[in-house]
Amino acid sequence: MKKEHDVIVAGGGLAGCCAAIAAARQNKKVLLIERYGFFGGMATAALVNPFMKYNTFDEKGNIIPVNNTGIFKEILETLDRRNSLFISFKKHDRPKYLAAGEVDKRAVPKRTFNEEVLKKILDEMTEDAGVDVLFHSFIFKAKKRGQKLTSVSTVGKAGVREHKAMFFIDATGDADVCALAGCGFDIGRDGDGKCQPMTLCFRLGNADPEKVEQMVYDIEKREKLNAKYKEMQKSGEIKNQRENILVFPHVGNGVVHFNSTRIIDRNPLEPQELSRAENEARKQADELVKFFRENAEGFENCILLQTAPQIGIRESRRIKGRYKLTDEDIVKCVKFYDSIARGCYGIDIHNPTGGGTVIKHISEGGYYTIPYRSIIPEKINNLLVAGRPISASHEAHSAMRVMPICANIGEAAGIAASICTDMRIKTKDMDIEKLHEILRKVARLY
Ligand SMILES: Cc1cc2nc3c(=O)[nH]c(=O)nc-3n(C[C@H](O)[C@H](O)[C@H](O)COP(=O)(O)OP(=O)(O)OC[C@H]3O[C@@H](n4cnc5c(N)ncnc54)[C@H](O)[C@@H]3O)c2cc1C
């Protein structure tokens, strides 16, 4: 590919796709580079499902859109039109403001999606926007001149290729480009640097659909099963350290999605550690299949349909940016002057060293914001970060990392990149008014 691009987006997860589409819709020549042969990142390659909470409700039960705006909303609507978006939870938690006996009339949002259809939708949306796509290309090098990034290099079957652009967006999930360009980053929690555990998602099929419903929605039945699981954990028959079984109904009758393996104490950036993690996680999946066949009613003849092509990585590098988002910003629902995205998903820290999960919900009706300053890495003037590795504490990251928020951050990064290239300005000199003006136009919010 000889053409020089205005913007190169590294990584085609939800953040990267939204960034590339947004910049291309602002008439920029965009190249989107992805190591796999399909888009979606964690949503497709790691089978992560469902989309976590993307709207909230006011006191009358009216929907307040939080992330279902802009390109992410288009994705949701296209999935829905293609009969590929489903309700994951039958009910909401009952809000405190309802009186006893009063019926909860709030619409239950659809969050479970068919990832095969998502792959196709992302192909179509990038194609329609005129994005140049480079699959099967791994970025391993970044070249800079002073504080300017000039190119990234990829390796593929045909060898090494150098790609130049005026502007770059790092949406690799692991801030690979930032690290290659020498920008600073943090890893894991303060103190010991340990990251949230990795999880290999997998699917069981051929279960009795009625019993699947009961297992997912009947709290008593689930607790009984969890008690048996804990008993077997104690006796050493179950090695998985996760405190309980986390399952969701999935696309198709009698299919169950498991987000329930837990790999702790492994570095998600080291190939050797990742190799062990993948191996351990498949053992844990096998353990759970056996457990379900032997202990869960209706699962006697279940089969392992699929483990994800790659283990899911919740947390790795987080850049050192111009503002570090904190857990207080999340919990207190801070509204930043330079907000580029919103979130209503709370703190959700899976224990990096064993069992247990710390959860702090955001009250219904509330939302926090993501500041533009958190996507600006230090040292390089023509590079932004989109998605998971923005500048945030370990705690704040546990909330903002979910797919709907990453998608919104991606869209904003794409628009910011187009402003920087049009105005020939450094990322830190962003005209926030202008950014908000375009975001209001395309996402109808902010
Ligand atoms: C086990 C697990 C469960 C989760 N549960 C939920 C959930 O229920 N709901 C929810 O909303 N969120 C959930 N999340 C969080 C969410 O899935 C991710 O944080 C989010 O998808 C990150 O999106 P992203 O686009 O920033 O990064 P990613 O999805 O990681 O995308 C990065 C992309 O860049 C590519 N890439 C990486 N490095 C390179 C390179 N060097 N060269 C070229 N390409 C590269 C990758 O292949 C990938 O396509 C979960 C995450 C995990 C791991």
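Residues numbered from 1 in each chain as written. Predicted model: local features only at pLDDT ≥ 70, side-chain atom pairs only at ≥ 80, totals over all residues.

### Structural notes on the overall build of the chain
Okay, so step 1: Within the chain one finds 12 helices and 21 strands.
Okay, so step 2: Computed over C-alpha atoms, the radius of gyration of the chain comes to 22 Å, within 12% of the 22 Å expected from 2.2 N^0.38 for 446 residues, which places it in the range of a compact globule.
Okay, so step 3: The principal-axis extent of the C-alpha atoms belonging to the chain is close to 60 × 55 × 45 Å.
Okay, so step 4: Burial status across the chain gives 48% buried among its 446 residues.
Okay, so step 5: Taking contacts inside the chain between residues at least 6 apart in sequence as the whole, the part at least 24 apart equals 75%. (Helix = DSSP H or I, 4+ residues; strand = E, 2+ residues; numbered from the N terminus. Rg over C-alpha atoms; globule rule 2.2 N^0.38 Å. Buried ≥ 20, exposed ≤ 12 C-beta atoms within 10 Å, placed from the backbone. Contact = placed C-beta atoms within 7 Å.)

### Regarding the site of the ligand
Okay, so step 1: In the neighbourhood of the ligand, 40 residues make up the surrounding shell, with G11, G13, G41, G173 and G387 lying closest.
Okay, so step 2: Elements with a contribution of two residues or more to the shell around the ligand: α1 (14-25), α2 (42-45), β8 (138-145) and α11 (403-423).
Okay, so step 3: Residues of the shell around the ligand, tallied by class, amount to 22 nonpolar, 11 polar and seven charged. (Near = placed C-beta within 6 Å. Nonpolar A, V, L, I, M, F, W, Y, C, P; charged D, E, K, R; others polar.)

### Notes on the sheet that holds strand β12 (residues 202-205)
Pairing between the strands of a sheet is mediated by backbone hydrogen bonds and can be parallel or antiparallel.
Okay, so step 1: As summarised here, the arrangement of the four strands in space is β13-β14-β12-β15, forming an open sheet in which the pairing is antiparallel. This sheet does not close on itself; its edge strands, each paired only once, are β13 (247-249) and β15 (303-307). For this sheet, the mean angle separating the axes of adjacent strands, direction not counted, is 30°.
Okay, so step 2: Where β12 lies against strand β14 (residues 256-258), three bridges are found, and the strand directions are antiparallel. Each bridged residue has a counterpart across the sheet, and for L204 the counterpart in β14 is V256.
Okay, so step 3: The strands touched by helix α8 (residues 271-295) are β12, β14 and β15; relative to β15, the strand with the most contacts, the crossing angle is about 155°. (Pairing = 2+ DSSP bridges. Axes fitted to C-alpha atoms, helices over the stretch in contact; angles between N-to-C directions.)

### Thoughts on the nonpolar core
Okay, so step 1: Formed by 124 residues in total, the largest nonpolar core has its most connected members in A19, I169, I409 and A416.
Okay, so step 2: At 12 residues, α11 tops the list of elements feeding residues into this core.
Okay, so step 3: Looking at which domains feed residues into this core, each of domain 1 (5-191 + 316-443) and domain 2 (202-307) supplies at least three. (Core = buried A, V, L, I, M, F, W, Y, C linked by C-beta atoms within 7 Å. Domains from an automatic or database assignment.)

### Details of the environment of V358
Okay, so step 1: Looking at where V358 falls in the secondary structure, it is placed in strand β19 (residues 357-360).
Okay, so step 2: Residue classification places V358 among the partly exposed residues on the basis of 13 C-beta atoms within 10 Å.
Okay, so step 3: Distance in space between the C-alpha atoms of V358 and R189 is 13 Å, their sequence separation being 169 residues.
Okay, so step 4: The contacts of V358, once residues within four sequence positions are left out, are I347 and I349.

### A look at unusual backbone geometry
Okay, so step 1: A cis geometry characterises the amide bond from N49 onward to P50, with omega recorded as -5°.
Okay, so step 2: Relative to the helices and strands, P50 resides in the loop between α2 and β3 (55-57).
Okay, so step 3: In this structure, N83 is a non-glycine residue whose phi angle is positive, near 55°.
Okay, so step 4: By secondary structure assignment, the location of N83 is in the loop between α3 (70-81) and β5 (85-87).
Okay, so step 5: Look at N83 and you get exposed, because 10 C-beta atoms sit within 10 Å.
Okay, so step 6: One non-glycine residue, D265, adopts positive backbone phi at about 60°.
Okay, so step 7: Inspection of the secondary structure puts D265 in the loop between β14 and α8.
Okay, so step 8: Take D265: there are 14 C-beta atoms within 10 Å of it, and that puts it in the partly exposed class.

### Comments concerning the packing of α1 against α11
Okay, so step 1: Running from N to C, α1 and α11 point in directions that differ by 35°, and their axes come no closer than 7 Å. The element α1 and its partner α11 pack so that their crossing is right-handed. On α11, the residues touching L14, A15, G16, C17, C18, A19, A20, I21, A22 and A23 of α1 are M403, C406, A407, I409, G410, E411, A413, G414, I415, A417 and S418.
Okay, so step 2: Within the contact of α1 with α11, the residues separate by chemical class into 16 nonpolar, four polar and one charged. (Left-handed = near helix turned anticlockwise from the far one by under 90°.)

### Description of the domain arrangement of the chain
Okay, so step 1: Here the domain parsing of the chain yields domain 1 (5-191 + 316-443) and domain 2 (202-307).
Okay, so step 2: Taken together, the 15 residues of domain 1 in the interface contact 13 residues of domain 2.
Okay, so step 3: The residue makeup of the side of domain 1 that touches domain 2, split by class, is three nonpolar, 10 polar and two charged.

### Some points on the pairing of strand β2 (residues 30-33)
Okay, so step 1: A two-sided burial pattern is seen for β2, the buried positions comprising V30 and L32 on one face and L31 and I33 on the other.
Okay, so step 2: Relative to β2, strand β1 (residues 5-10) is paired through four bridges, and the arrangement is parallel. In the strand pairing of β2, V7 is matched with V30.
Okay, so step 3: Taken together, β1, α1 and β2 constitute a β-α-β crossover, and its handedness is right-handed. (Right-handed = clockwise from strand over helix to strand, strands pointing away.)

### Topic: helix α7 (residues 219-235)
Okay, so step 1: Under the 1.5 Å per step criterion, the end-to-end length of α7 is 24 Å for 17 residues, consistent within 8% with the ideal 24 Å.
Okay, so step 2: Where α7 ends, the next residue or the one after it, G236, has phi of about 90°, a positive value. (Expected span 1.5 Å × (residues − 1).)

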